[in-house]
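Per-entry structural report
Residue-level listing of the chains:
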Amino acid sequence: MSAPNINTDTISGNRGLQIEEPLIFEMDVAGRSGVDLPDVPKHQERLGKVKRKGSIGLPGLAEPQVVRHYTKLSQKNYAIDMSVYPLGSCTMKHNPRINEKMARLPGIADLHPMQPVSTVQGALELIDTLAHWLKTLTGMPAVAMSPAAGAHGELCGMLTIRAAHLAKGDARKRILVPESAHGTNPATAASIGYEVDPVPADARGRVDLKAFKAKLGPDVAGTMITNPNTCGLFETEIVEIAEAIHSVGGYFYCDGANFNAIVGRVRPGDLGVDAMHINLHKTFSTPHGGGGPGSGPVVLSEALAPYAPLPYVTHGPNGFDLVEHDGDKAFGRLKGFHGQMGMFTRALSYILSHGADGLRQVSGDAVLNANYLLACLRDDLTAAFPGNCMHEALFNDDFLEGTGVTTLDFAKAMIDEGYHPMTMYFPLVVHGALLMEPTETESKIGLDRYIGVVKGLAQRAKAGEAEYFHGAPYHTPRRRLDETLAARQPILRWKPEETKKAAE
């Protein structure tokens, strides 16, 4: 830790091997290029008044500058290939390289969505095979493969529920959503015109069944519940919840974001679920984040299957076909094409690599690792709820009471230790939440190192070192930012100095 009264800034702005790197536009030299191009031969100018008067606006750099620039930027990113990524509710797991190899195979990587169906029989078989696995693992008879991500899958499921009600001439308007739900749940329901009615949690961190039943009525279209839930707990009364919603003619939408905790062990269809999206990146190791590409297939019950979106794959005597038009029960299309082929390939590669027994071990190891964290940290941190957890361990900030250290301070100090912080302040039902998900891919050795850091920071906070936490992080290329100013006056685009001066 640097002494508070000593200026530790360097002349260059570098911090050891953390090299200060300007924006690529700031390195621009007019006329510089990484390639030699022949002179343009004399020709008659035909652009007239539309001829460009200024530069194109792209930076001029030599090839080594470009390589070094992006290499340095890559070194500033925290990644799952560097260490444990303990974000709770996000399942940041290792992506096996065999998945990437399969996704780049000729005939898969170079497919075009407008190819004739006769030329993509292998791709359609791959999609159909993945669909079979998803239906088998969930115990559901149908699946919509086109949704592009988890939230898109939620939209698919809720539109299917609405279509089923409207087909009966029943335009119900209310959806019951637990207060601990992912934020996309109420947002999805509201975006298609439903009224969101929140359901509180009980003292065990699960849906309050009595409160849930009290809200039931003939205007309830359905419920959206995550299981295991966002507190990392299995909803032990899930069958009763399903029976209750069905008793009033509603449908049960299950947020399948945490299917990785129960895959191979529990089939949601057996619990009474009518629709559930599956985040392929969470359960089946496809890449996560970065704005895409994603995939969120939605499994459907027999009652909702007729209302699934188009297109879908069929297998008949003449091979595989892609059905683009089918009566008037389907609510329509979600995407221009069928889905994300690269994600389908990666997910199926993962599934076939593990097999049914391997997938069962995946969920078991994920739960084991999370409970190991919970057991090892319980004495230094404060667990949010009693008992064991599922795939993630949830703590509150009671252990920081009286220290002057906040959850945010604690997380910033973790960055100096070389770890990405856990999820903070979520779920909202837990004050000062610290949510950790180690996934099944972390070894005991790696978890022990992480646990040692978290325990050490907790002990420093309790020892009265609040000033240290308030200044963290100390050893990053950028220190703690003014987040309020950044939110109110964001700078979203680089501008050259002459433009800035002109604006002033």
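Notes on the structure in this doc start here. (Residues numbered from 1 in each chain as written. Predicted model: local features only at pLDDT ≥ 70, side-chain atom pairs only at ≥ 80, totals over all residues. Heavy atoms only, no water.)

**A word on the sheet that holds strand β12 (residues 423-424)**
Across the sheet, four strands lie side by side as β10-β11-β13-β12; this open sheet has antiparallel pairing. The sheet is open, and its two borders are formed by β10 (382-383) and β12, each paired with just one other strand. The pairing of strand β11 (residues 393-396) with strand β13 (residues 434-436) spans three bridges and is antiparallel. Opposite Ala-393, over in β13, you have Met-436 as the bridge partner. In the packing of helix α9 (residues 341-377) onto the sheet, contacts are made with β10, β11 and β13, and the angle to β11 comes to roughly 30 degrees. (Pairing = 2+ DSSP bridges. Helix = DSSP H or I, 4+ residues; strand = E, 2+ residues; numbered from the N terminus. Contact = heavy atoms within 4.5 Å. Axes fitted to C-alpha atoms, helices over the stretch in contact; angles between N-to-C directions.)

**Some thoughts on helix α10 (residues 407-416)**
The element α10 is largely enclosed, with a buried count of eight among its ten residues. When we look at burial in α10, the residues that qualify are Thr-407, Asp-409, Phe-410, Ala-411, Lys-412, Ala-413, Met-414 and Asp-416. Buried residues in α10 make contact with β12, β13, α11 (444-462), α12 (466-471) and α13 (483-488). At the C-terminal side of α10, Gly-418 shows a positive phi close to 90 degrees. (Buried < 20%, exposed > 50% of the residue type's maximum accessible area, 1.4 Å probe, protein only.)

**Digging into empty space enclosed by the protein**
Going through the model one piece at a time under the given rule, you end up with three cavities of 30 Å³ or more. There is about 70 Å³ of room inside the largest cavity. Lining of the largest cavity is provided by Cys-231, Leu-233, Leu-374, Ala-383, Ala-384, Phe-385, Pro-386, Gly-387, Asn-388, Cys-389 and Leu-394. Split into classes, the residues belonging to the lining of the largest cavity amount to nine nonpolar, two polar and no charged. For the second largest cavity, the calculated volume is near 40 Å³. Pro-178, Ser-180, Ala-181, Val-207, Ile-225, Thr-226, Asn-229, Thr-230 and Glu-235 together form the lining of the second largest cavity. Classifying every residue of the lining of the second largest cavity gives four nonpolar, four polar and one charged. (1 Å grid on protein atoms, 1.4 Å probe; cavity = no way out; pocket = protein on both sides within 12 Å on 5 of 7 lines; lining within 4 Å. Points joined across faces, edges and corners; volume = space filled by probe spheres on them. Nonpolar A, V, L, I, M, F, W, Y, C, P; charged D, E, K, R; others polar.)

**Observations regarding the nonpolar core**
Phe-212 and Phe-284 are the most contacted members of the largest nonpolar core, which has 52 residues in total. Not counting the four nearest positions on each side in its chain, Phe-212 is found in contact with Leu-176, Val-199, Val-207, Thr-223, Ile-225, Ile-241, Ala-244 and Ile-245. Leu-377, Tyr-419, Leu-457 and Ala-458 belong to the second largest nonpolar core, which has 32 residues in total. (Core = buried A, V, L, I, M, F, W, Y, C linked by side-chain atoms within 4.5 Å.)

**Considering the pairing of strand β4 (residues 220-226)**
Most of β4 sits inside the fold, with seven of its seven residues counted as buried. When strand β2 (residues 174-178) meets β4, the two strands line up parallel, connected through three bridges. Residue pairing in the sheet places Ile-175 in a bridge with Gly-222 of β4. For β4 and strand β5 (residues 251-255), the ladder comprises five bridges, and the chain directions are parallel. Bridging across to β5, Met-224 finds its partner in Tyr-253. Read as a crossover between parallel neighbours, the route from β4 over helix α7 (residues 238-247) to β5 is right-handed. (Right-handed = clockwise from strand over helix to strand, strands pointing away.)

**Section: the packing of α10 against α11**
Their axes nearest at 11 Å, the elements α10 and α11 cross at an angle of 130 degrees. Classified by the interaxial angle, the pair formed by α10 and α11 is oblique. By crossing handedness, the relation of α10 to α11 is classed as right-handed. Between α10, through Phe-410, Ala-413 and Met-414, and α11, the contact on the second element is made entirely by Tyr-450, Val-454, Leu-457 and Ala-458. Per-class residue counts for the contact of α10 with α11 are seven nonpolar, no polar and no charged. (Parallel < 35°, antiparallel > 145°, perpendicular 65-115°, else oblique. Left-handed = near helix turned anticlockwise from the far one by under 90°.)

**As for α11**
With 19 residues, α11 extends 27 Å between its outermost C-alpha atoms, agreeing within 8% with the 27 Å of an ideal straight helix rising 1.5 Å per residue. Buried residues of α11: Gly-446, Leu-447, Tyr-450, Ile-451, Val-453, Val-454, Leu-457, Ala-458 and Ala-461, and no others. The buried residues of α11 occupy an angular sector of 160 degrees when projected down its axis, which confines them to one face. Across α11 from its buried face, at more than 90 degrees, point the exposed residues Lys-444, Ile-445 and Arg-449. Where α11 is buried, its residues touch α9, α10, β13 and α12. (Expected span 1.5 Å × (residues − 1). Arc of directions from axis to C-beta.)

**What to know about the environment of Gln-340**
Tracing the chain through its elements places Gln-340 in the loop between β9 (319-323) and α9. Classification of Gln-340 as partly exposed rests on a relative accessible area of 23%. Put simply, Gln-340 and Ile-127 are 213 residues apart on the chain and 9.9 Å apart in space, counted from C-alpha to C-alpha. Residues contacting Gln-340, with those up to four places away along its chain left out, are Pro-293 and Gly-294. A distance of 3.0 Å separates a polar side-chain atom of Gln-340 from the backbone nitrogen of Met-343. (Polar contact = N/O pair within 3.5 Å; in protein donor to acceptor, adjacent residues only side chain to side chain.)

**A look at the environment of Phe-337**
Residue position: Phe-337 is located in the loop between β9 and α9. Sequence separation between Phe-337 and Thr-71 is 266 residues, and the spatial gap between their C-alpha atoms is 35 Å. Residues in contact with Phe-337, not counting those within four places in the same chain, are Pro-113, Met-114, Ser-146 and Pro-311.

**Considerations on the side chain of Asp-416**
Within the secondary structure, Asp-416 is located in helix α10. Despite its burial, Asp-416 pairs with no opposite charge, the nearest such side chain being Arg-479 at 6.6 Å. A distance of 2.8 Å separates a polar side-chain atom of Asp-416 from the backbone nitrogen of His-475. Residues within four places of Asp-416 in sequence aside, it is in contact with Tyr-468, Ala-472, Pro-473, Tyr-474, His-475 and Thr-476. (Lys, Arg positive; Asp, Glu negative; His and termini not counted. Salt bridge = Lys/Arg side-chain N within 4 Å of Asp/Glu carboxyl O.)

**A short note on the environment of Thr-283**
Here Thr-283 is to be found in helix α8 (residues 280-283). A C-alpha to C-alpha distance of 18 Å links Thr-283 and Leu-435, two positions 152 residues apart in sequence. Excluding residues that lie within four positions of it along the chain, Thr-283 makes contacts with Lys-93, Phe-259, Asn-260, Val-263 and Tyr-350. Polar contacts involving the side chain of Thr-283 include one to the main-chain amide nitrogen of Asn-260, which spans 3.1 Å.

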